[in-house]
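# Coordinates in review
Residue strings, one per chain:
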Amino acid sequence: MRIVSGIQPTGNLHLGNYLGAIRNWVAMQDQVSAGGGQCLYFLADLHAISMPHVPAQLSANTREMVAALVACGIDPDRSILFNQSQVPQHAELQWLLNGTARMGWLNRMTQWKDKAGKNREGQSVALFTYPVLQAADVLLYQATHVPVGEDQKQHLELARDIAQKFNNDFCTEDAPLFTLPEPYIPPEAARIMSLRDGTAKMSKSDPSDMSRINMTDDADAIMQKVKKAKTDPEPLPSEAAGLEGRAEARNLIAIYAVMAGTTVDAVLADFGGQGFGAFKPRLGELLAETLAPINERFVALREDNAALDAILRAGSEKARALAVPTLNATYAALGLVR
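Residues numbered from 1 in each chain as written. Predicted model: local features only at pLDDT ≥ 70, side-chain atom pairs only at ≥ 80, totals over all residues. Heavy atoms only, no water.

- The chain has the name Tryptophan--tRNA ligase in an unreviewed UniProt entry, where Novosphingobium colocasiae is given as its organism.
- Regarding the chain, the relevant UniProt record gives this comment under Function (unreviewed entry): "Catalyzes the attachment of tryptophan to tRNA(Trp)." (UniProt positions renumbered as here; feature names shortened; annotations may be inferred.)

### Side note on the packing of helix H1 (residues 15-34) against helix H11 (residues 247-260)
- Running from N to C, H1 and H11 cross one another at 50°; their axes reach a closest spacing of 12 Å. The angle between the axes of H1 and H11 places the two elements in the oblique class. Regarding H1 and H11, the two cross each other, and that crossing is left-handed. Two secondary-structure elements touch here, H1 through Leu 15, Leu 19 and Arg 23 and H11 through Ile 255, Val 258 and Met 259. (Axes fitted to C-alpha atoms, helices over the stretch in contact; angles between N-to-C directions. Helix = DSSP H or I, 4+ residues; strand = E, 2+ residues; numbered from the N terminus. Parallel < 35°, antiparallel > 145°, perpendicular 65-115°, else oblique. Left-handed = near helix turned anticlockwise from the far one by under 90°. Contact = heavy atoms within 4.5 Å.)

### A few points about the UniProt feature "binding site: L-tryptophan" (unreviewed entry) in the chain
- Here the UniProt-annotated "binding site: L-tryptophan" (unreviewed entry) positions come out as Asp 137.
- Residue placement: Asp 137 occurs in helix H8 (residues 130-139).
- Not counting residues within four places of it along the chain, the set of residues in contact with Asp 137 comprises Val 4, Phe 42, His 47, Gln 84 and His 90.
- Within the local environment of Asp 137, its side chain forms a polar contact with the side chain of His 90, the two groups lying 2.7 Å apart. (Polar contact = N/O pair within 3.5 Å; in protein donor to acceptor, adjacent residues only side chain to side chain.)

### A closer look at the UniProt feature "short sequence motif: 'HIGH' region" (unreviewed entry) in the chain
- In the numbering used here, UniProt assigns the feature "short sequence motif: 'HIGH' region" (unreviewed entry) to residues 9-17.
- Strand forms 0% of residues 9-17 and helix 33%; the C-alpha atoms that close the span are 11 Å apart.

### Remarks on the pairing of strand E1 (residues 2-7)
- Pairing analysis gives six bridges linking E1 to strand E2 (residues 38-43), with the strands arranged parallel. When the bridges of E2 are listed, Ser 5 appears paired with Tyr 41.
- Since E1 and E2 lie parallel, the crossover through H1 that links them has a hand, and here it is right-handed. (Pairing = 2+ DSSP bridges. Right-handed = clockwise from strand over helix to strand, strands pointing away.)

### Things to note about the nonpolar core
- Ranked by size, the top nonpolar core spans 58 residues in total, and within it Leu 15, Tyr 18, Leu 81, Phe 279, Leu 287 and Leu 291 carry the most contacts.
- Sort the elements by how many residues they give to this core and helix H13 (residues 276-302) lands first, with nine residues.
- In terms of nonpolar packing, the next biggest core, distinct from the first, is built from 41 residues, Phe 82, Ala 116, Leu 139 and Leu 156 among them. (Core = buried A, V, L, I, M, F, W, Y, C linked by side-chain atoms within 4.5 Å. Buried < 20%, exposed > 50% of the residue type's maximum accessible area, 1.4 Å probe, protein only.)

### Topic: helix H14 (residues 305-333)
- Taking 1.5 Å per residue, 29 residues should reach 42 Å; H14 reaches 41 Å between its end C-alpha atoms and fits that length.
- Maximum bend of H14: about 30°, positioned at Ala 323, with proline Pro 325 one to four residues after it. (Expected span 1.5 Å × (residues − 1). Bend = angle between axes of the 7 residues up to and from the residue.)

### Let's talk about the side chain of Asn 61
- Tracing the backbone shows Asn 61 in helix H3 (residues 55-72).
- Among the residues examined, Asn 61 registers a relative accessible area of 9% and is labelled buried.
- Asn 61 has contacts with Pro 9, Thr 10 and Gly 11, leaving out every residue within four places of it along the chain.

### So, the packing of aromatic side chains
- Considering all chains together, one arrives at 10 aromatic pairs under this definition.
- Arranged with centres 4.9 Å apart and planes meeting at 50°, the rings of Phe 166 and Phe 170 form a pair that is tilted. Placement of the pair is Phe 166 and Phe 170 together in helix H9 (residues 153-170), with a separation of four residues, close to one helical turn.
- The class of Phe 166 is buried, set by a relative accessible area of 0%.
- Measuring from centroid to centroid gives 5.1 Å for Phe 166 and Phe 178, while their planes differ by 70°, and the two rings are edge-to-face. Note that Phe 166 is positioned in helix H9 and Phe 178 in the loop between H9 and strand E5 (182-184), a separation of 12 residues in sequence. Exposure class is identical for Phe 166 and Phe 178. Each is buried.
- Joined through ring pairs, the aromatic side chains of Tyr 256, Phe 271, Phe 276 and Phe 279 make up one cluster.
- The residue whose ring lies beneath Lys 115 is Tyr 130, and the NZ or CZ to ring-centre distance is 5.0 Å.
- A cation over an aromatic ring shows up here: Arg 338 above the ring of Tyr 331, its NZ or CZ 3.8 Å from the ring centre. (Phe/Tyr/Trp six-rings, centres within 6.5 Å; stacked < 30°, edge-to-face > 60°. Lys NZ or Arg CZ within 6 Å of the ring centre and 35° of its normal.)

Below, the structure is given as structure tokens:
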């Protein structure tokens, strides 16, 4: 089993990033490596340039994301952790696969329509061909499985379509070049909402820092944010049905349940009938205690650029060793003389 997954390097990592994605990566690493498989995790910096960006911020965010992943439990000795731009085979394979991908396929991509909006003529070509690079990301390593959420299913289907068409067009039936990756459905990721608005996702783009728990927040900052989190005046119900229509209450209870490794019903069994004045300090303590070792390591790693660059170089070297045979075979299958 070989799992390949990427994440765009963004700054200001917060609790939503950790519980929504990074924690699942750690669980996959532990499960797959225990079974003799392999996980490749990459920072999608080539994808990031499909939209306007600040170069210095992109490099800073890439290092920060590496620090966060390692602090949260990604082990560079058990997983291959790297950034795309240090493995040029990603971009090379994308170009080769552009001959197989079809305009109609890309035009139907929902994310293209959403991100381009009404100004399609003004968008970069990279944004349009983004899904072909995603296909190259996984086909390059003969991935057997790719973690997908609801918003990525269409892109994995496209990768399979490209692989299948290439195999049909340029390979024999008994010797296909590309593995068709299967979806890997991780445990349902926690959907963490804003501390100021229970109907909006926790986000780094929210102008209010009080809306999120940052990975860099210390215990005092976490407690302050939790105590000031928006709630309602009603006491907590004794069962989940009582949270209907109470977005902020539901969010705080869900955070507690995820962090404690329990269920919403179990949390409400303990706190039902109590007010938020009693619940919030307990939630703050739980968050501060659980995140403290991650925060400590993250803050230390983030300041050590040499160590972060060494992790990326080592991971990229391993990734290139896996990528070269597939890329060479692709050139050969297309009849390109090198």
